[in-house]
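Each chain is listed here by its residues.
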Amino acid sequence: MASTNPFKDILASLPKPEGGEFGKYFSLPALNDSRIEKLPYSIRILLESAIRNCDNFQVTKNDVEKIIDWQNTSPKQVEIPFKPARVLLQDFTGVPAVVDLACMRDAMNRLGGNSNKINPLVPVDLVIDHSVQVDLARSEKAVQTNMELEFQRNKERFAFLKWGANAFHNMLVVPPGSGIVHQVNLEYLGRVVFNNGGILYPDSVVGTDSHTTMIDGLGVAGWGVGGIEAEAAMLGQPMSMVLPGVVGFKLSGKLCNGVTATDLVLTVTQMLRKHGVVGKFVEFYGEGVGELSLADRATIANMSPEYGATMGFFPVDHVTLQYLNLTGRSHETVSMIEAYLRANNMFVDYNEPQAERVYSSYLELDLSSVEPCISGPKRPHDRVLLKEMKADWHSCLDSKVGFKGFAVPKVSQNKVVKFDFHGQPAELKHGSVVIAAITSCTNTSNPSVMLGAGLVAKKACELGLEVKPWIKTSLAPGSGVVTKYLLRSGLQQYLNQQGFHIVGYGCTTCIGNSGDLDETIATSISENDIVVAAVLSGNRNFEGRVHPLTRANYLASPPLVVAYALAGTVDIDFEKEPIGTGKYGKSVYFRDIWPSNEEVAEAVQSSVLSDMFKSTYEAITKGNPMWNKLSLPASTLYSWDANSTYIHDPPYFKNMVMIPPGPHAVKSAYCLLNFGDSITTDHISPAGSIHKDSPAAKYLLERGVDRKDFNSYGSRRGNDEIMARGTFANIRIVNKLLSGVVGPKTIHIPTGEKLSVFDAAMVCSP
C-alpha cells in the first residue's frame, strides 16, 4: 500500500529574489550525504525523481539508496523505478499509443467501469511531424502542394489524433506543418524545470522516437522508449530500468575554422561506438562544453541512438539559460529554473570551482582536432574524412557487398548512362548524387549549419555554379523559426536558386519520406544497375531507409549537402578537383564557396532573433485551415470505422477480462529468420515506403487503395494489420536462411517453402 513520502522532511521553500516563493522542492543538499556531491548530474535527476515519488510501494527508500550509492550499485546492474515528468509522442509512433488508450476505454466500458477514468496522468505532448512526403520539390509552391497532398492521404489519421486531443485530458497535440517533434521540443515544449501545483522538479521525458535524446542538450533528461513503456508512463506507472553506468566525456579546446557541429557529432559518434556505450548515459563536461552553442549540444545529443547511448547529456549552465531567453521563455520562468537548479546542486557554473564527479569510464576530445567529414555509405558511424572521400568511395566500389562495399566489377566502374531529362541531356555514373536533402532534427535546429548552407548557395550563385536539374533537392526546416531567419538573412533566395526550396516542416528524407524520383532517373538506375547516392543532413542512412534506389547514402552537414549537390557526385576530391565550371569558364573549387566561421557567426548574430521564436510558437497550437476544418465526434469513446486502412481496432483488447489468464505453452515453434550483426529498428519495423509487391501492398490493394495512395509504413502504424505485414519488410534485409538473397523473404520450416516473412509466420505448422 502507498504511504506518506518518507522524505517529506527535506521539502524546502525556494524564495524569489523580490520576495515570496517560486514553490517547494525536495532538497538534495538537505540529505547531508557526501556521496551525492560526486554523482553525475544525469544520475541526480534520477535521484530527485525517486525521492519525490517515494511512497514505499511503487518507489521505495531502498530504491533511493541504490541511486545515492550509484558508484557501487551501477556495476551490479541493479534495477530502479523511474517516473518521467512527461511523455513525448510523434505521430508515427504516437498513433498506436492513442489507439491503445481508445481501446482501453472501450474495454473499461464493456466491463462496466468508468471509461472516462482512462486518461494520461502525466503531461503528454504529441507533435504531428512525419507528414511531409516530398512529392513536389524545386518549386515555390512545394510547401502548400505537399501539405495538401498529405492532408488528402492522412485525413483519417489526423482526425483521429484531433479526437484524442479533445477526448483525453493532459494531452497536447501540435498540428501538422509546425515542425519536427524534437526541434519543437527543444524550442518550445521543454520545461527544464516543472512547477506543478507549487512543487518544483526537473523536467524529464521519455518519447516514442529514439531521437527524443535531442532534449538532453537542453539539460533535460530524455530518451526513447517502446510504445508499451510510454503508455505505462502515461498512465502513471514507473518504468523499471537498470541503473546505468555513466561515461564522462571531457571536451577541451574549440572547433577550427570551417569545421561544423555535424563534423563534431560524426566524430563523437565514431568514438563512442568504439568505446561501447549501449545501455549507458554519456555526460559531457569540461571547458570545451562552454565553447559549444546550445544548438551544437543538441546536435550531439540527438545522435545518442547512433552512438548507442541511452542519453548524451549536457547539464544546465549559462549557455542553457541564454538559449531559454532567446527562444521566448519568460524571464520569470528562466529565473525560477536557475534558482531551483542552483539550490539543488544541478547547475554548472564554470566561473566557480567544479566539484569532482565520478564516472564509470572516461573519454576526452580536443575540439581543435575535429576535421570535416561525412558518414556512410550505409551506417552513421562509418565516418570518412572529407579529404579521403574519393579514395574511400573507390574502395567501396571494389569491396565485396557489405557495410563498406558494393562489389562493382572494375570493368563497370566507369560506366556512363546517358538519358533525356525532360528535353535536357543528362547522365548518371556510379556515385552520382540523385537526392540532396537538408533535413532532419539533427541539423535543422542549428542556425550555424543552416545559415552556413545558405552562404554556400550564395557564393555558388555568385560564381555561376548551378545544381543539375535532375538532382532531387529539398529543404525541410524543423520549425517555422528557420524560415524566418533564412528570409531575414537574405539567404533563402540563393537556396531557392540552387533548388533547395522549402518542401514542408517535418521529417522528410531522413525517415524515408523522400518521395519518388523522376521516372527517367529511376529507370536509368534500375536498368543499368548504377550505384547512385543520396547526401542528407540526417542521422540515419541504413540501407533501404532513404530511398529504395539509393544504395549509397551519406550523412553530411547542410552546407556539405549543398556542396555535393553542386558537384553532382560523391566521387570527388574537394581539395584537388573543381566542383564545377562557373562564369567565364573558370573552375570553381570547394574553398571558393565554403564560408568562414566569422561569416557564419555574423549571419547567426544578425538573423536569429528572439521575436522569431515567440511569434512562431504563440500560434503553434492554432493549426492551419486544413487542420481546423477536420470534423470529429464529441464522444469520449472512439467510433471505429471497419473500412479504415489507417486506424484499426486491434484485437488484443477484445477479450480482456478483469482477471488475466495464465501463460500458455509455446509448441511447435521454428526459426523464422536468422540474422547477423547490425540489425536495426529499420530492419525490424521500417517506416518508409510500402513496396508494390509486399504483403502490406496486397492488403491495401484488396481494399481498394491505389498504389499512389499507399503512403508509408509509418503513416499506417495505427493499423495493426499493416504493421504485422510490415514487420521485417525492409527491402535490404539479409536473412541467413536464404543464402545470397537480399529482401524480406524466408524459408518456412519445416516445409522448406520460400515465402514472404509475414506469409511464413501465418502458416500453421503441423
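Here the structure is shown first, and the text comes after it.
Residues numbered from 1 in each chain as written. Predicted model: local features only at pLDDT ≥ 70, side-chain atom pairs only at ≥ 80, totals over all residues. Heavy atoms only, no water.

Peer 1: Any details on the pattern of salt bridges? Residues and values, ideally.
Peer 2: Enumeration according to the criterion identifies 35 salt bridges in this entry. For aspartate 398, the salt bridge is made with lysine 410, and the minimal N-O distance between the two is 3.3 Å. Of this pair, aspartate 398 sits in helix 14 (residues 389–398) while lysine 410 sits in the loop between helix 14 and strand 18 (416–421), and the two are 12 residues apart along the sequence. Residue aspartate 398 is classed as partly exposed on the basis of its relative accessible area, which comes to 38%. Note on lysine 410: relative accessible area 60%, which makes it exposed. Taken together, the shared-partner salt bridges connect Asp33, Arg35, Glu65 and Asp69 into one network. (Salt bridge = Lys/Arg side-chain N within 4 Å of Asp/Glu carboxyl O. Helix = DSSP H or I, 4+ residues; strand = E, 2+ residues; numbered from the N terminus. Buried < 20%, exposed > 50% of the residue type's maximum accessible area, 1.4 Å probe, protein only.)

Peer 1: Could you give me a rundown of the layout of surface pockets, with the residues and numbers involved?
Peer 2: Unfilled space is identified by rolling a water-sized probe across the atoms. Of the volumes computed, that of the second largest pocket is approximately 1300 Å³. Taken together, 49 residues make up the lining of the second largest pocket; nearest its centre are Pro548, Ser689, Ile690, His691 and Arg707. Residue assignment for the lining of the second largest pocket shows that the elements contributing at least two residues are helix 19 (519–528), helix 26 (695–702) and helix 28 (757–762). (1 Å grid on protein atoms, 1.4 Å probe; cavity = no way out; pocket = protein on both sides within 12 Å on 5 of 7 lines; lining within 4 Å. Points joined across faces, edges and corners; volume = space filled by probe spheres on them.)

Peer 1: An account of a negative patch on the surface is requested, with residue identities and associated values reported.
Peer 2: Residues Glu287, Glu291, Glu364 and Asp366 make up a contiguous surface patch of negative charge. Position of glutamate 291 among the secondary structure elements: in the loop between strand 13 (281–285) and helix 10 (294–302). Given the relative accessible area of 46%, glutamate 291 is considered partly exposed. (Patch = residues over 30% accessible without salt bridge, like charges linked within 9 Å, V, L, I, M, F, W, Y side chains within 5 Å. Areas by Shrake-Rupley, 256 points an atom, 1.4 Å probe, with all protein chains shown as cover. Lys, Arg positive; Asp, Glu negative; His and termini not counted. Charge placed at Lys NZ, Arg CZ, Asp CG, Glu CD.)

Peer 1: Break down the sheet that holds strand 1 (residues 11–15) for me, with residues and values.
Peer 2: Strands sit in the order 1-2-8-7 across an open sheet of four strands; the sheet is mixed. Looking at strand neighbours, the two that pair on one side only are strand 1 and strand 7 (193–196), the edges of this open sheet. The sheet shows a mean angle of 40° between the axes of neighbouring strands, taken without regard to direction. One ladder, built from two bridges, connects strand 2 (residues 21–26) with strand 8 (residues 199–202); its direction is parallel. Following the sheet pairing, tyrosine 25 is matched in strand 8 by leucine 200. Strands in contact with helix 2 (residues 41–52) are strand 2 and strand 8; relative to strand 8, the strand with the most contacts, it is inclined by about 145°. (Pairing = 2+ DSSP bridges. Axes fitted to C-alpha atoms, helices over the stretch in contact; angles between N-to-C directions. Contact = heavy atoms within 4.5 Å.)

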